[in-house]
Amino acid sequence: MIDMALVADILGLSEVIVIGYGTTKKGDATGAVTAISVKDFNQGAITSPEQLIVGKTAGVQITSNSGAPGERSTIRIRGGSSLTAVNDPLIVIDGVPVASGFGTDESGEISGSRNPLNIVNPNDIETFTILKDASATAIYGSRASNGVIIITTKKGKKGKPLSLNYNVKTSINTITATAEVLTTDQFRDKIQERLDEGLIADPLDTVPKILGDASTNWMDEIFNTSIGQEHNLSATGSYKDVPYRASVGYSNQDGILKTDNMKRMTGSITLNPVLWNDHLKVNLNIKGMNVKNNFANRDAIGSAVRFDPTQPVKDPN
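Residues numbered from 1 in each chain as written. Predicted model: local features only at pLDDT ≥ 70, side-chain atom pairs only at ≥ 80, totals over all residues. Heavy atoms only, no water.

Trainee: Describe the nonpolar core, listing the residues and the values that go with them.
Mentor: By size, the foremost hydrophobic cluster in this structure holds 19 residues, and its most contacted members are I53, F128, I149 and I151. The element that contributes the greatest number of residues to this core is strand β6 (residues 125-131), accounting for three residues. (Core = buried A, V, L, I, M, F, W, Y, C linked by side-chain atoms within 4.5 Å. Buried < 20%, exposed > 50% of the residue type's maximum accessible area, 1.4 Å probe, protein only. Helix = DSSP H or I, 4+ residues; strand = E, 2+ residues; numbered from the N terminus.)

This is the structure in structure tokens:
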């Protein structure tokens, strides 16, 4: 005869995999997770963080809303789920959730800002982690029903000496094609054709007098070749077992539509001390940004299609 008794055992924290707020092996994750690191980012003069991962992961569509510098993109993870509600994913930056639609106006935009993600310098980002399925709601609640994009910024490493990094990027943007419109001669011929066919009522014979003597391509007048520049300086190291990273960035991007411009200055300081024999890890992040936007009048694009090509750009008188 053997008598046995079961004794309760409390599960230790070391045996728990924390998804979202911690780290785990990719093979152990229960949900659909995609991790994209610095080595996989898109290269070039990147003005918005989401441009780093365009085309890098299946099931995630990132579509730019316009060609303006720093313009926000529409992000859909496995398509849209609602016809009326917000379909944007939840953005988490260094553990801080940024709720969708936290702007100051009814559309969810920040007044004066093109893109809420512009608060982060793309050069400071180390990894994107994308949680694609509904299991993310167990961590972040219903706001994660459209998926979650976790952004982790770069940090210093313990025991590493001081390292300085400075990089400069320059971009040249030009428009490859414009709307096909009538040339000046074609426009004159078309007007005369309509007059001859009686499709334009002109009893006082004023239409020929309204036409000008110029030959203006209004598309050339509103578009230009734009130049952008970006400067980033960072210092990474460890001081008495306290890893640190400090960075400053400056970006100046012109748009192909004349007068369109975005200037951005960013700064960040990150400290990651480990205390009490590696029993306490502290992450201290201070980030600041100053963005100045000059919004061009986009109605000029439609107006350039409709304008009379026989009229000069400026009245000579």
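There is more to say after this.
Trainee: Now, about helix α2 (residues 184-196): what can you tell me, with residues and values included?
Mentor: Helix length check: α2 (13 residues) gives 18 Å between terminal C-alpha atoms against 18 Å at 1.5 Å per residue, within 8%. If you check which residues of α2 are buried, you get T184, I191 and L195. The buried residues of α2 occupy one face: seen down the axis, they fall within an arc of 40 degrees. Facing away from the buried side of α2 by over 90 degrees, the exposed positions are D185, D189 and D196. Buried residues along α2 sit against α3 (207-210). (Expected span 1.5 Å × (residues − 1). Arc of directions from axis to C-beta. Contact = heavy atoms within 4.5 Å.)

Trainee: Tell me about unusual backbone geometry, and please be specific about residues and values.
Mentor: Positive phi is not limited to glycine here, since D241 has a value of about 65 degrees. With relative accessibility at 47%, the residue D241 sits in the partly exposed group. One non-glycine residue with positive phi stands out, namely T259, at about 75 degrees. Mapped onto the secondary structure, T259 falls in the loop between β10 (242-254) and β11 (261-271). Relative accessible area serves as the criterion here: at 56%, T259 is assigned to the exposed category.

Trainee: Tell me about the sheet that holds strand β9 (residues 226-239), and please be specific about residues and values.
Mentor: Judged by pairing direction, the sheet is antiparallel, and its five strands sit side by side in the order β8-β9-β10-β11-β14 without closing on themselves. Only two strands of the sheet have a single neighbouring strand rather than two, namely β8 (163-173) and β14 (284-294). Along the sheet, successive strands turn relative to each other by an average axial angle of 5 degrees, direction set aside. Pairing geometry for β10 and β11, over eleven bridges, is antiparallel. Its bridge partner being in β11, Q253 is matched across the sheet by M262. (Pairing = 2+ DSSP bridges. Axes fitted to C-alpha atoms, helices over the stretch in contact; angles between N-to-C directions.)

Trainee: Report on the sheet that holds β6, specifying residues and quantitative values.
Mentor: One open sheet accounts for five strands, arranged β1-β6-β7-β4-β5; its pairing is mixed. Both edges of this open sheet fall to β1 (33-37) and β5 (96-98), since each of them pairs with a single strand only. Across the sheet, the mean angle from the axis of one strand to that of its neighbour is 20 degrees, orientation sign disregarded.

Trainee: Talk me through the environment of N146; I want residue IDs and the actual numbers.
Mentor: Locating N146 in the fold gives a position in the loop between α1 (137-140) and β7 (148-153). As a C-alpha pair, N146 and L131 span 15 residues in sequence and 9.3 Å in three-dimensional space. Not counting chain neighbours up to four residues away, the residues in contact with N146 comprise I77, S81, V86, N87, D88 and P89. Here D88 takes part through its backbone oxygen, which lies 3.5 Å from a polar atom of the side chain of N146. (Polar contact = N/O pair within 3.5 Å; in protein donor to acceptor, adjacent residues only side chain to side chain.)

Trainee: An account of the side chain of E50 is requested, with residue identities and associated values reported.
Mentor: Structurally, E50 can be placed in the loop between β1 and β2 (60-64). Buried and without a salt bridge, E50 has R72 as its closest oppositely charged side chain, separated by 6.8 Å. When sequence neighbours within four positions are dropped, the list of residues in contact with E50 reads I62, E71, R72, S73, I75, N115 and L117. (Lys, Arg positive; Asp, Glu negative; His and termini not counted. Salt bridge = Lys/Arg side-chain N within 4 Å of Asp/Glu carboxyl O.)

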